[in-house]
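Single-letter residue listing:
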Amino acid sequence: MQLQFVGCGDAFGSGGRANTCFHVTGAAVNFLIDCGASSLPALKRLDIAREPIDLILITHFHGDHFAGLPFLLLEAQFTRRARPLVIAGPQGIQTKLALAMEAMFEHSSKTQVRFELSVLELRPNETQNLAGVMVTPYPVVHGQSGGPFLAYRAEAEGRVICYSADTEWTETLIPAARNADLFIAEAYYYERIVKNHLSLKTLEGHLGAIDAKRLILTHMSDDMLGRLDKLPYSAAHDGMIVEL
Ligand SMILES: [Zn+2]
Ligand SMILES: [Zn+2]
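Residues numbered from 1 in each chain as written. Chains lettered and ligands numbered in written order. Predicted model: local features only at pLDDT ≥ 70, side-chain atom pairs only at ≥ 80, totals over all residues. Heavy atoms only, no water.

*Asks:* For this particular structure, what's the right way to read the overall build of the protein?
*Replies:* Scanning the protein from terminus to terminus reveals eight helices and 14 strands. Taking 2.2 N^0.38 as the reference for a compact globule, 244 residues should give roughly 18 Å; the C-alpha atoms of the protein span a radius of gyration of 17 Å, in line with that estimate. On the principal axes, the C-alpha backbone points of the protein span a range of 50 × 35 × 35 Å. When the 244 residues of the protein are sorted by exposure, 55% land in the buried category. Of the contacts formed within the protein by residues at least 6 apart in sequence, a portion of 63% connects residues at least 24 apart. Accessible surface computed for the protein: about 10500 Å², of which carbon and sulfur atoms make up 51%. (Helix = DSSP H or I, 4+ residues; strand = E, 2+ residues; numbered from the N terminus. Rg over C-alpha atoms; globule rule 2.2 N^0.38 Å. Buried < 20%, exposed > 50% of the residue type's maximum accessible area, 1.4 Å probe, protein only. Contact = heavy atoms within 4.5 Å. Areas by Shrake-Rupley, 256 points an atom, 1.4 Å probe, with all protein chains shown as cover.)

*Asks:* Would you mind showing me how to read the coordination of the zinc ion (ligand 1) here?
*Replies:* Six octahedral donors around a metal ideally make angles of 90 or 180 degrees; four tetrahedral donors ideally make 109.5 degrees. Listed as protein donors to the zinc ion (ligand 1) are Asp64 (OD), His65 (NE2), Asp166 (OD) and His219 (NE2); their distances from the metal cover 2.1 to 2.2 Å. All donors to the zinc ion (ligand 1) come from one chain, and their sequence spacing reads D-H-x100-D-x52-H. In this structure, the zinc ion (ligand 1) lies 3.5 Å from the zinc ion (ligand 2), and both are coordinated by Asp166. Taken together, the residues span a long stretch of sequence, with His65 in helix 2 (residues 63–66) and His219 in the loop between strand 12 (215–218) and helix 8 (222–225) at a distance of 154 residues. The same class applies to His65 as to His219, namely buried. (Donors = N, O, S within 2.8 Å, 3.2 Å for Na, K, Ca; no water.)

*Asks:* Just checking my understanding: could you explain the pattern of salt bridges for this structure?
*Replies:* All told, the structure shown has nine salt bridges when counted by the stated rule. Where Glu75 meets Lys44, a salt bridge forms, and the shortest distance between an N and an O atom there is 3.3 Å. Of this pair, Glu75 sits in helix 3 (residues 69–78) while Lys44 is found in helix 1 (residues 39–45), placing the two residues 31 residues apart along the sequence. A relative accessible area of 13% places Glu75 in the buried class. Using a relative accessible area of 44% as the deciding quantity, one classes Lys44 as partly exposed. (Salt bridge = Lys/Arg side-chain N within 4 Å of Asp/Glu carboxyl O.)

*Asks:* What should I look at first to understand the pairing of strand 6 (residues 117–121) in this one?
*Replies:* Bridge analysis of strand 5 (residues 85–89) against strand 6 gives five bridges, and the strand direction is parallel. Paired with Val86 across the two strands is Ser118, which belongs to strand 6. The β-α-β motif built from strand 5, the intervening helix 4 (residues 93–104) and the parallel element strand 6 has right-handed crossover chirality. (Pairing = 2+ DSSP bridges. Right-handed = clockwise from strand over helix to strand, strands pointing away.)

*Asks:* What am I meant to see in the coordination of the zinc ion (ligand 2) here?
*Replies:* Binding of the zinc ion (ligand 2) to the protein goes through His60 (NE2), His62 (ND1), His142 (NE2) and Asp166 (OD), at separations of 2.2 to 2.4 Å. Around the zinc ion (ligand 2) sit four donor atoms, and with donor-metal-donor angles ranging over 90 to 173° the site reads as irregular. Between consecutive donor residues of the zinc ion (ligand 2), the sequence gaps follow H-x1-H-x79-H-x23-D. Taking the relative accessible area as the measure of exposure, His142 reaches 4% and is therefore buried. (Tetrahedral: all angles 85-135°; square planar, octahedral: opposite > 155°, others 65-115°.)

*Asks:* So what exactly am I meant to see when it comes to the nonpolar core here?
*Replies:* Among soluble globular proteins, nonpolar side chains are generally buried collectively. Within the largest apolar cluster, 58 residues are counted, with the highest numbers of intra-cluster contacts made by Leu3, Phe5, Phe31, Leu55, Leu57 and Leu217. Residue contributions to this core peak at five residues, all from strand 9 (residues 150–156). Aside from chain neighbours lying at most four places away, what touches Leu217 is Ala185, Ala187, Leu200, Leu203, Met224, Tyr233, Ser234, Ala235 and Ala236. With 27 residues, the next largest nonpolar core counts Ala18, Cys35, Phe66 and Leu69 among its residues. (Core = buried A, V, L, I, M, F, W, Y, C linked by side-chain atoms within 4.5 Å.)

*Asks:* Is there a simple way to think about the side chain of Thr170 in this case?
*Replies:* With respect to the helices, strands and loops of the structure, Thr170 is situated in the loop between strand 10 (159–163) and helix 5 (173–177). For Thr170, a relative accessible area of 12% corresponds to the buried category.

*Asks:* Any chance you could explain the sheet that holds strand 10 here in plain terms?
*Replies:* Adjacent strands of a sheet pair through backbone hydrogen bonds, lying either parallel or antiparallel. Spatially, the seven strands line up as an open sheet ordered 7-8-9-10-11-12-13, and their pairing is mixed. Every other strand in the sheet has two partners, leaving strand 7 (128–130) and strand 13 (234–235) as the edge strands with one partner each. Pairing geometry for strand 9 and strand 10, over five bridges, is antiparallel. Within strand 10, the position partnered with Ala154 by the bridge is Ile161.

*Asks:* Any chance you could explain the side chain of Thr136 here in plain terms?
*Replies:* Note on placement: Thr136 falls in strand 8 (residues 133–139). A distance of 2.7 Å separates a polar atom in the side chain of Thr136 from a polar atom in the side chain of Thr127. The contact partners of Thr136, leaving out residues within four places of it in the chain, are Asn125, Glu126, Thr127, Ala151, Tyr152 and Arg153. (Polar contact = N/O pair within 3.5 Å; in protein donor to acceptor, adjacent residues only side chain to side chain.)

*Asks:* What is the right way to look at helix 4 in this model?
*Replies:* In a regular helix each residue adds 1.5 Å, so 12 residues correspond to 16 Å; helix 4 covers 16 Å between its end C-alpha atoms and thus fits that length. Elements in contact with the buried residues of helix 4: helix 2, helix 3, strand 5 and strand 6. (Expected span 1.5 Å × (residues − 1).)

Given below as structure tokens:
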């Protein structure tokens, strides 16, 4: 399996990075984790075909994680996608997706799609098989608007990937990421503690309990991006490929 960071930026394009979108492929799986506003151009820049993508997991309804869906869905329509597509995310995703479609492209939410599209609400702590991926959502903590917020533990082909999503520290990240082959963790600031986001210093105190095989930092502000060459951790960059 491999994971490619299509986008690993924050909501404000810090460092010129694209909004959150990770592409995971294996012998039999092909899925995205998050689809921020800039994801379609970012996928095209990396020559990633959209048709073979079977599943898109959405962590929450902030534009930098979710607002790429209308563009992807419209493109799928115009390119006559034939393959079924599953979009899964927090409770309310059907309504939120329709609102985003209407805000960006009027009437687009009412157009009958020609391919089989399933938009599924996921409940925290319930594991289910979606397009060959065993997906377990964990509730995380990221403020009052744009939720519910889910971290994901995704298992496929003998490998486990966890993405923290945007969150302040919460104990659910321990079972979500424990012993994962890859833990992708938000590290918004280096040591400054802010509500709703995770700083590296806070995360560091829990890495022992999590004991992931590999950690890669994402969703970094300029504060973090300016320190990357001095940190003893791997950090994502757009286009980075991780073999699992
Ligand atoms: Zn974000
Ligand atoms: Zn967010």
